[in-house]
Amino acid sequence: MTEWMGISAMKINNIGYLFKEGIRGIFLHGFMSFAAVCVTVACLLIVGTFSAVTYNLSLMITELNKTNEVTAYVDETLTDAEARSVGTKINRVSNIAEAEFISREEALQNFIADHSETEAFEGTSADTFRHRFRVMLTDPRLLEQTKADLENVPGVVKVKATEEIAAGFIMMQDVVEMVSMLIIVVLLIVSLLIISNTVKLAMYDRKDEIAIMKMVGATNGFIRLPFVVQGFILGMIGAGIAFGLEWVMYDAVVARIHEVDTFGFFTLVPFQELLGVMVAIFAGAGMFVGIVGSWTSIRKFMDV
Amino acid sequence: MIEFTDVVKSYSVGTHALRGISMQIEDGEFAYLVGPSGSGKSTIIKLITGELKPTSGTVHVNGYSLERIRKRELPFMRRTVGVVFQDFRLIQDMTVYENVAFAMRVIGAREKEIRERVPYVLELVGLETKSRRHPKELSGGEQQRLAIARALVNNPSTIIADEPTGNLDPARSLEIMSLLQEINNLGTTMLVVTHEKDLVQRFHRRVIAIDEGLIVSDGMDGYFSYEDQ
Ligand SMILES: Nc1ncnc2c1ncn2[C@@H]1O[C@H](COP(=O)(O)OP(=O)(O)OP(=O)(O)O)[C@@H](O)[C@H]1O
Ligand SMILES: [Mg+2]
């Protein structure tokens, strides 16, 4: 906080100086700056891609949960009214979002509708079907537990779930989230170190100037700021390039999937829908690596 | 005003650079600091600029207590003290003008002030016709005058110089010493570390002599007792 004192005492006419110095630092070490931007771009691309995948997976899982139904069959010996009243008990089970009663007549109609060759089932009586409840779960991860709970509800004789697909997606989401967290952390650190080193080089070059600045009484904030600006500019250039590339790549992947996946099983949201999230991620990460990267290198350098 | 009270400075266990220095330099005064190599002269300079803290004792500079100054106050103390070194410490890729302007700019001066003040100090040190040159295009004496202009430009109340003539021939040295006297006549407190016995005797000013970290004499008679010249 102390160094901000010096900054707050600055006048507007110094802003031009700061940016000029920051940009000078970048060109002084063109190759290192280029490397720093490249690494930042690579990091942010991966960060962005993992974020996009995670976002789409969670959307798909939400979508799947809506169709992922558990069916609870009701004891045949119960009357229609008794069968309906089982719904109250089902609703009391934890993790139940919704339970919808389906009579054996409706079940028959659904069955016939699901099978195109209707003639084969002509004459099939509704009696072959049981009354049932279509149950929606709040958290599909707890399927096993909820299934057991439902089986214990008096009046329910059997519980069936179509679990495999959802379970697969959930595992994928968990893995992607974990892996992306790890990779993101590692890459952010790498990009931080590279920016930090680039800034350190610029500072090393100018250690005589820095010594003179201290000698004549420049505040630490003032001495640091051009380097923070340099890191910030490097981070933001990296973020800008990565953002553009991410957009192009994402659109290409969406188009490709659209071509291959004729069932529309994988649906990726268009990039425009991710725009807000992506801008926030890229700008935030670019700023973070830029400012933190330069700040840490300066801290070590500045202590007299 | 510069005031040392019982100042001890040890760099590490065993090296006692200063072993109890007490002295006072009033506002507007001119004093030479002399002593053999390794006697502690540069250590005194570094204590005044806040580069070092005393091991014990107190150092007061222009109203700041340096033994307990806060880190964020240090720059403001330094603005009251201009410093000149034997090796000039100029920025080689800046012109004469820019070297001086830089010292103003980095403490947040306005461009307008800079444009008015820089030519004034360049004229004071006699470099007004060389403002567009680079340091390597100047003689040693001129480079030192540039360093003095830079030390002066923020109008410090005190200037300290650590062997400002160490790299100059006798004629240039005399010029620089005369310039420092002139600046002192304008009201700036001046503390000059030097080995130049002849020059010191010529100017009849206060001479503080130290040896092995202790003051051995302090007065107007230009006392010299060390042998390394
Ligand atoms: N950074 C340091 N670490 C340890 N000892 C030091 C350090 N700087 C100086 N000294 C020691 O402190 C003593 C005083 O040094 P100082 O530089 O003040 O001498 P000086 O009077 O300026 O000498 P010179 O005339 O050669 O410049 C010397 O013995 C020196 O070796
Ligand atoms: Mg010395």
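Further up the page is the structure itself.
Quick summary incoming for the structure in this document.

For the rest of this paragraph, the subject is the overall build of chain B. Summing up its helical and strand segments, chain B has seven helices and ten strands in all. The burial tally for chain B puts 53% of its 229 residues in the buried class. Put simply, chain B shows about 10200 Å² of open surface, and 47% of that area lies on carbon and sulfur atoms.

In this section: the site of ligand 1. All names here are of chain B. In the vicinity of ligand 1, the contacting residues are Tyr-11, Ala-17, Pro-36, Ser-37, Gly-38, Ser-39, Gly-40, Lys-41, Ser-42, Thr-43, Glu-163 and His-195. The backbone of Gly-40 places a nitrogen or oxygen atom 3.0 Å from an oxygen atom of ligand 1. For ligand 1, the accessible surface in isolation is 630 Å², of which the surrounding protein chains cover 59%. The element that contributes the greatest number of residues to the shell around ligand 1 is helix H1 (residues 41-48), accounting for three residues.

On the chain A side, the residues contacting the 24 residues of chain B number 19 residues. Carbon and sulfur atoms make up 63% of the surface buried where chain B meets chain A, a total of about 1900 Å² over both sides. If you sort the residues of chain B by the area they bury against chain A, Arg72(B), Arg78(B) and Val106(B) come out on top, with a joint share of 27%. Taken together, the links from chain B to chain A amount to zero salt bridges. Linking chain B with chain A are one residue pair in polar contact (both at pLDDT 80 or more). Among the secondary structure elements, those contributing two or more residues to the side of chain B that touches chain A are helix H2 (74-78), strand E6 (81-85) and helix H3 (96-105) of chain B.

Moving on to a nonpolar patch on the surface. Residues and elements named next belong to chain A. A contiguous nonpolar surface patch, about 410 Å² in accessible area, is contributed by Ile-15, Phe-19, Ile-23 and Phe-27. Tracing the chain through its elements places Phe-19 in helix H2 (residues 13-28). Accessibility expressed as a relative area gives 39% for Phe-19, which makes it partly exposed.

Residues and elements named next belong to chain A. Position of Tyr-73 relative to the elements: it lies in strand E1 (residues 70-74). The class of Tyr-73 is buried, set by a relative accessible area of 9%. Put simply, Tyr-73 and Phe-133 are 60 residues apart on the chain and 6.6 Å apart in space, counted from C-alpha to C-alpha. Not counting residues within four places of it along the chain, the set of residues in contact with Tyr-73 comprises Arg-130, His-131, Arg-132, Gly-155, Val-156, Val-157, Lys-158 and Lys-160.

In this section: helix H9 (residues 220-260) of chain A. Each α-helix turn comprises 3.6 residues. Residues three or four places apart therefore point the same way. The end-to-end C-alpha separation of H9(A) is 58 Å, in line with the 60 Å expected for 41 residues at 1.5 Å each. The largest bend along H9(A) reaches roughly 25° and is located at Pro226(A).

Rules used in this analysis
- Per chain, the residues get numbers from 1 upward, laid out in the order the sequence is written.
- Going through the entries in the order they are written, you letter the chains from A and number the ligands from 1.
- Given that this is a predicted model, residues contribute local features only at a pLDDT of at least 70 and side-chain atom pairs are listed and counted only at 80 or more, while totals for whole chains, interfaces and linings are drawn from all residues.
- With hydrogens and water stripped out, all remaining heavy atoms of the structure feed into the side-chain values.
- Each helix is a run of H or I in the DSSP string that is no shorter than four residues. Each strand is a run of E no shorter than two, and both are numbered from the N terminus.
- Buried residues are those whose accessible area, probed at 1.4 Å on protein chains only, stays under 20% of the maximum for their type, while exposed residues exceed 50% and partly exposed ones sit between those limits.
- Shrake-Rupley sampling with a 1.4 Å probe provides the accessible areas, and residues are treated as covered by the protein chains on show and by no other component.
- Residue proximity to a molecule or strand is established when one non-hydrogen atom of the residue lies within 4 Å of it.
- The definition of a polar contact used here is a pair of N or O atoms within 3.5 Å, where within protein one atom must be able to donate a hydrogen and the other to accept one, and adjacent residues in sequence count solely through side-chain atom pairs.
- The criterion used for residue contact is that any of the two residues' heavy atoms lie within 4.5 Å.
- Buried area counts how much accessible surface, traced with a 1.4 Å probe, disappears from two parts once they are put together, with both parts' losses summed.
- A side-chain nitrogen of Lys or Arg and a carboxyl oxygen of Asp or Glu constitute a salt bridge if their distance falls within 4 Å.
- Note on patches: the residues involved have over 30% relative accessible area and no salt bridge, like charges join within 9 Å, and the nonpolar side chains Val, Leu, Ile, Met, Phe, Trp and Tyr join within 5 Å.
- Between the first and last residue of a helix there are one fewer steps than residues, each counted as 1.5 Å, and that sum is the expected span.
- Fitting one axis to the seven residues ending at a residue and another to the seven starting there, the bend at that residue is the angle between the two axes.

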